[in-house]
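Read off the chains here:
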Amino acid sequence: MHARGVHSTSGPPPGRWAVASARQLTAMLKEPEAPQQLLQLLQQHKLEQQGGLLNAIHVASCYHRLGIMCRADAAVVGTAAAQQLLQHLDQLVLSVRQQLGARRLANIIWSCAYTQHAAPAAQLLADFIQPETLSAANSQEVANVLWSLTTLEQQMPPQQLHQLVDAFVSQAAKAVPQEISNTVWALGKLGHQLPPQQLTVLLTAFTAEGMLGRAKAQDIANLLLGTAYMGQQLPTAQLQPLLAELSAKVAHASPQAIANTLWAVSEMGEAVQAGQLEQLLAAFEQQLHRVTPQETSTTLLACARFRYLPVQLLTALEQQQHMQRFLAGANLQELASTAWAYGTLGRNREDPLGGLLQQAAKLLQQEGSKCVSQELCNLCWAVAVLDLRQHVPAVLQLAPASINERRSVVPAHLQQLYQVHLWLLDTNLAAAEGAKGPGLLQVLSQQQLDECRQAWQDQVATQAQQAAAKPSPLERRVFKTLQQLPGWQVPPQQEVITADSNFSIDIAAVTAAGVRLAVEVAGPSHFVSPGNRVNGPTKYRNRALAVRGYTVVTIPGWQWRKLKGAEQQQQYLHDKLKGGSGCCTHC
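Residues numbered from 1 in each chain as written. Predicted model: local features only at pLDDT ≥ 70, side-chain atom pairs only at ≥ 80, totals over all residues. Heavy atoms only, no water.

Caption draft 1: Main features of the overall build of the protein chain. When you go through the protein chain residue by residue, the secondary structure sums to 28 helices and six strands. Each of the three principal axes of the protein chain carries a C-alpha extent, and together these read 105 × 60 × 40 Å. Here the contacts in the protein chain between residues at least 6 apart in sequence split such that 72% fall between residues at least 24 apart. For the protein chain, the exposed surface amounts to about 26,400 Å²; the carbon and sulfur share of it is 49%. (Helix = DSSP H or I, 4+ residues; strand = E, 2+ residues; numbered from the N terminus. Contact = heavy atoms within 4.5 Å. Areas by Shrake-Rupley, 256 points an atom, 1.4 Å probe, with all protein chains shown as cover.)

Below, the structure is given as structure tokens:
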């Protein structure tokens, strides 16, 4: 509940604000509860140089007071009274700039962030970084300035930014966790790359004995988020204590803190321990009623990168009330990220994907050219990977829009579209009467489809060449053992590309009975946990190889590593091939 009268344009009679000294005025400035009251008080007093009581302390206090009002209720900033007050303060501050000092400058800049008022920020920053002022600033003041300017999306000259960073790093040992995390977050958002030694100083200060325990869940999340924005990675020895502390405070973690943490760790290419991940996801699910679409899509995106299928979270999300709320508020990027996560994790659910596609089509109609190729391609790709044939019409609607926005098309998007085209062909989804051709030729030109095909086949060939030049130790061992088995019509060969150049096979062979085998040596990237379930892209590949006449035999790495000696390995492959082909002469 907001305080009564916060938006009122009326105020107490002027006589109430009569004061006899600057000290009394300082105390009086703490009383107003609305911008109009604060403005009335200011308008009754002149600056000291004009014979009045107003000085730099009062001007800074008024900015700060208004900032607190806006932090408590964001709607305040849009009121006419707040805007009039800001205009009045902007005029006053020009006259007292030289008397403000580090603390008051920092407070005003901080207030500008909450009032969404960038006008004086650049000028005040120039005052703040003056050597005599910056040297007097403490870590909180520097952190607040960095956070505020980032929130205002104010770009700083590199030299000014370096001055602020150096000033903060020099005081890192005295800083509290929130100051460190806000600074790292701000620098990451600004695209500033901290030198490794400076990042190490900040991380060491954050995780120091007695300090990490004082950090809130949001502090840890912001620290990790900022580090990920910078493109930096944290060693496991630094990352795990942060995740352990966040897990211990998970009861107090907001959905935003959980989502940002998971995204940041996945962006670094790191992993969250299974127990910690389950804790964080359970806490996220408990707050699903207040989770934003961005937080949902970010969390699912991170889970897909972790190769972890959050069954309970997805089951809860797929309930009608939660899914409707998600779809109503999601933008195209959030819809696409969610679809990509479903596809990657192999979560084949018709209704949720149908809802994502339907809402995406609505947004495409509304936003048109604002739509980004990656988002539309991800949606189409997810349908193909999950083999959701009833959603072909939606794919045919989204696909041409994805490739027509040429500015945002990259080879990865073309590759996704060609996978969609192959799926349409492989599943014999015939073109409608009068259509230009089969598959995506119903909606793309031959030239567009040729570009997609070239991008896809180039990737297939490159990956096969790289794998042939440096096969994994696991694949080498499986290949050697297969060679030792008798009865091949065509002996095993590594990294074979299918006749249509669209897929590569780890190990291909033909049995004496004429069965074409595709032996796929599957490492962790082909499965999701818990339960080592085959992921979406691997299912797609296996279906495609089957359509091309191959019997797919999967050799999971975790099974192979349990085998002891050549005899067990040969017996394992013997049983696998017998189960896979059913007609090997040596089985």
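Don't stop here, the text continues.
Caption draft 2: Broad picture of helix 14 (residues 255-267). For helix 14, built from 13 residues, the straight-helix expectation of 18 Å at 1.5 Å per residue is met to within 8% by its first-to-last C-alpha distance of 18 Å. Along helix 14, the residues that are buried comprise Pro-255, Ala-257, Ile-258, Ala-259, Asn-260, Thr-261, Leu-262, Trp-263, Ala-264, Val-265 and Ser-266. Where the residues of helix 14 are buried, they touch helix 12 (217-229), helix 13 (236-248), helix 15 (274-286) and helix 16 (293-305). (Expected span 1.5 Å × (residues − 1). Buried < 20%, exposed > 50% of the residue type's maximum accessible area, 1.4 Å probe, protein only.)

Caption draft 3: Local environment of the packing of helix 2 (residues 35-43) against helix 3 (residues 56-72). Between helix 2 and helix 3, the shortest axis-to-axis distance is 10 Å and the interhelical angle comes to 170 degrees. Regarding the angle of helix 2 to helix 3, the classification is roughly antiparallel. Contact residues: helix 2 offers Pro-35, Leu-38 and Leu-42, while helix 3 offers Cys-62, Arg-65, Leu-66 and Met-69. Grouping the constituent residues of the contact of helix 2 with helix 3 by class yields six nonpolar, no polar and one charged. (Axes fitted to C-alpha atoms, helices over the stretch in contact; angles between N-to-C directions. Parallel < 35°, antiparallel > 145°, perpendicular 65-115°, else oblique. Nonpolar A, V, L, I, M, F, W, Y, C, P; charged D, E, K, R; others polar.)

Caption draft 4: View of the nonpolar core. In terms of nonpolar packing, the biggest core is built from 174 residues, with Phe-128, Leu-164 and Leu-224 touching the most fellow members. Per-element tally for this core: the top contributor is helix 21 (residues 373-385), with nine residues. Among residues more than four places away in sequence, those in contact with Phe-128 are Ala-102, Leu-105, Ala-106, Thr-133, Leu-134, Ala-137, Glu-141, Val-142, Val-145 and Leu-164. Phe-479, Leu-482, Leu-517 and Val-521 belong to the second largest nonpolar core, which has 19 residues in total. (Core = buried A, V, L, I, M, F, W, Y, C linked by side-chain atoms within 4.5 Å.)

Caption draft 5: Here's a closer look at the sheet that holds strand 6 (residues 551-556). Taken in spatial order, the four strands line up as 1-2-3-6 in an open sheet, and their pairing is mixed. Because the sheet does not close on itself, it has two edges, and the strands there are strand 1 (488-497) and strand 6. Taken over all neighbouring pairs, the strand axes of this sheet differ in orientation by 25 degrees on average, direction set aside. Across six bridges, the pairing between strand 1 and strand 2 (residues 504-511) is antiparallel. Across the sheet, the residue bridging to Val-496 is Ile-505, located in strand 2. Across the face of the sheet, helix 24 (residues 446-469) comes into contact with strand 1 and strand 2 while running at roughly 110 degrees to strand 1. Helix 26 (residues 536-547) rests against strand 2, strand 3 (516-522) and strand 6 of the sheet, and its axis sits at about 145 degrees to strand 6. (Pairing = 2+ DSSP bridges.)

Caption draft 6: Here's a closer look at the pattern of salt bridges. Here the structure, examined in full by the defined rule, presents nine salt bridges. Among the ionic pairs, Arg-347 bridges to Glu-318, the shortest N-O distance being 3.0 Å. Remark: Glu-318 occurs in the loop between helix 17 (311-317) and helix 18 (320-329) and Arg-347 occurs in the loop between helix 19 (332-345) and helix 20 (350-367); sequence separation between them is 29 residues. Under the relative-accessibility criterion, Arg-347 is labelled buried at 6%. Across the pair Arg-389 and Asp-387 runs a salt bridge whose closest N-O atoms are separated by 3.1 Å. If you follow the salt bridges from partner to partner, you end up with Asp-426, Asp-500 and Arg-548 in one network. (Salt bridge = Lys/Arg side-chain N within 4 Å of Asp/Glu carboxyl O.)

Caption draft 7: Local environment of the pairing of strand 3. For strand 3, a buried count of six out of seven residues is recorded, marking the element as mostly surrounded by other parts of the structure. Relative to strand 3, strand 2 is paired through four bridges, and the arrangement is antiparallel. Paired with Ile-507 across the strands is Val-519, a residue of strand 3. Examined bridge by bridge, strand 3 and strand 6 share six bridges and lie parallel to one another. Within the sheet, the bridge partner assigned to Ala-518 lies in strand 6 and is Val-552.

Caption draft 8: Structural context of empty space enclosed by the protein. A complete count under the given rule lists two cavities of 30 Å³ or more for this structure. For the largest cavity, the calculated volume is near 50 Å³. What lines the largest cavity is Leu-288, Val-291, Thr-296, Leu-317, His-322, Arg-325 and Phe-326. Ranked by the residues each element gives to the lining of the largest cavity, the list is headed by helix 18, at three residues. Of the residues in the lining of the largest cavity, the class split is four nonpolar, two polar and one charged. (1 Å grid on protein atoms, 1.4 Å probe; cavity = no way out; pocket = protein on both sides within 12 Å on 5 of 7 lines; lining within 4 Å. Points joined across faces, edges and corners; volume = space filled by probe spheres on them.)

Caption draft 9: Up close: the state of the cysteines. Across all of its chains, the model carries zero disulfides by this definition. Here Cys-112 is not cross-linked by a disulfide; its sulfur's nearest cysteine counterpart is in Cys-70, at 11 Å. (Disulfide = S-S within 2.5 Å.)

Caption draft 10: Spatial organisation of the side chain of Asp-426. Counting through the fold element by element, Asp-426 comes out in helix 23 (residues 411-426). At a separation of 2.9 Å, a polar atom in the side chain of Asp-426 contacts the side chain of Arg-548. Those residues in contact with Asp-426 that sit more than four places away from it in its chain are Ala-544, Val-547 and Arg-548. (Polar contact = N/O pair within 3.5 Å; in protein donor to acceptor, adjacent residues only side chain to side chain.)

Caption draft 11: The arrangement of the packing of aromatic side chains in detail. Under the defined criterion, the tally for this structure stands at seven aromatic pairs. With 5.4 Å between their ring centres and 40 degrees between their planes, Tyr-114 and Trp-147 make a pair best called tilted. Here Trp-147 lies in helix 8 (residues 139-151) and Tyr-114 lies in helix 5 (residues 101-114), a separation of 33 residues in the sequence. Since its relative accessible area comes to 24%, Tyr-114 is described here as partly exposed. For Trp-147, a relative accessible area of 18% translates into the label buried. Arranged with centres 6.1 Å apart and planes meeting at 70 degrees, the rings of Trp-456 and Phe-503 form a pair that is edge-to-face. Placement of Trp-456 in helix 24 and of Phe-503 in the loop between strand 1 and strand 2 is noted, with a sequence separation of 47 residues between them. (Phe/Tyr/Trp six-rings, centres within 6.5 Å; stacked < 30°, edge-to-face > 60°.)

Caption draft 12: Geometry of the environment of Leu-41. Among the secondary structure elements, Leu-41 is positioned in helix 2. Since its relative accessible area comes to 0%, Leu-41 is described here as buried. Taking the C-alpha atoms as reference, Leu-41 lies 8.6 Å from Met-28; in sequence the two are 13 residues apart.

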